[in-house]
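Examination of the molecular architecture
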Amino acid sequence: MPDLKLLEDLIALARTGSFVRAAEARHVTHPAFGRRIRALEAWAGTPLIHRGQQPATLTPEGEALLKTAVQVVENMSAARERMRGSRAGGDAVLRIAAGRSLARTLVTDWIARLRHRAPKVLAVGTRVDISTGRMEDVGTRLEQGKVDMLCCYEHPAMSVSLSPQRYRYMTFATDKLVPVSQVDLRGNARHTLREGGPPTPLIDYAGGLAMARILGVAWLPWSLVVADCRRGALTALGGRGDEVAFEVRLYRPRARMSELAEAAWAATTRRFS
């Protein structure tokens, strides 16, 4: 059997469709990642990747090995969590992956509820590990068993590709993207969305980010800007037709997780049921 990290490399490559992005997700250089994929192919005795294609795609043999790789990684992760769960409660860790904006807002509030509201899932001394990154990266961490749950935005234009046969989710919250502008000294919007008016400068998101914390004229999550709008630092532009609704979802494996993660999921399910 090949080294577990080689199977995780194959999963990352299938997830991202890019040697460069997969290498970044695996925290190795591009050449080193390529050597590891070739080592896996040498073990398999057959090509696993269609060379010269963008995005990178797996051969039929690669797809077959990918299914086994996912099962092996998930089984190893589940075994590790069962062993960790048998240790003292103070050693338990709840591992959450999330986008950067969500980690600062909804996830932080959620963890606080688990610590301080009945039923208190997170006892004193229980550690919570929140890892952030690009959507494809945090999705890969869930697939590789490196986190218990994934909190992410969901919209047809920015959806994580997680198999419904292996993962399920609950709708954690609903939100909307709202066009906002800074205001001038009189409290009026510096820019508008009126047709026929002067061009409106748009602040876009950097590549790879689902959401970003930026200032100026932009479509931003209402949950991030509602306080600024209420105190007059920003003002919402346009009407409902200019807003974009989306969900915030919490994903988990269908396989049983650690006792701590199962308790956190159950408590959250009761809150949103």
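Residues numbered from 1 in each chain as written. Predicted model: local features only at pLDDT ≥ 70, side-chain atom pairs only at ≥ 80, totals over all residues. Heavy atoms only, no water.

Going by what an unreviewed UniProt entry lists, the protein is known as LysR family transcriptional regulator and is assigned to Bordetella genomosp. 9. Under the heading Sequence similarities (unreviewed entry), UniProt records this for the protein: "Belongs to the LysR transcriptional regulatory family." (UniProt positions renumbered as here; feature names shortened; annotations may be inferred.)

1. Concerning the nonpolar core
In summary, soluble globular proteins display a tendency toward joint burial of nonpolar side chains. Core analysis: the largest hydrophobic core is formed by 38 residues, its most contacted members being L94, W110, L114, M149 and L150. Counting residues in each nonpolar core, the second largest holds 21 residues, with L7, L10, A22 and V70 among its members. (Core = buried A, V, L, I, M, F, W, Y, C linked by side-chain atoms within 4.5 Å. Buried < 20%, exposed > 50% of the residue type's maximum accessible area, 1.4 Å probe, protein only.)

2. Some points on the UniProt feature "domain: HTH lysR-type" (unreviewed entry) in the protein
Following the UniProt record, one finds the feature "domain: HTH lysR-type" (unreviewed entry) at residues 2-59. Measuring from the first to the last C-alpha atom of residues 2-59 gives 18 Å, for a span that is 60% helix and 7% strand. (Helix = DSSP H or I, 4+ residues; strand = E, 2+ residues; numbered from the N terminus.)

3. A look at the pairing of strand β6 (residues 167-182)
Across 10 bridges, β6 lies against strand β9 (residues 244-253) in antiparallel orientation. When the bridges of β9 are listed, Y169 appears paired with Y251. Note: β6 against strand β7 (residues 218-221), 4 bridges, orientation antiparallel. For V178, the partnering residue across the bridge sits in β7 and is L220. One ladder, built from 3 bridges, connects β6 with strand β8 (residues 234-236); its direction is antiparallel. Note that in β8 the partner of Q182 across the bridge is L234. (Pairing = 2+ DSSP bridges.)

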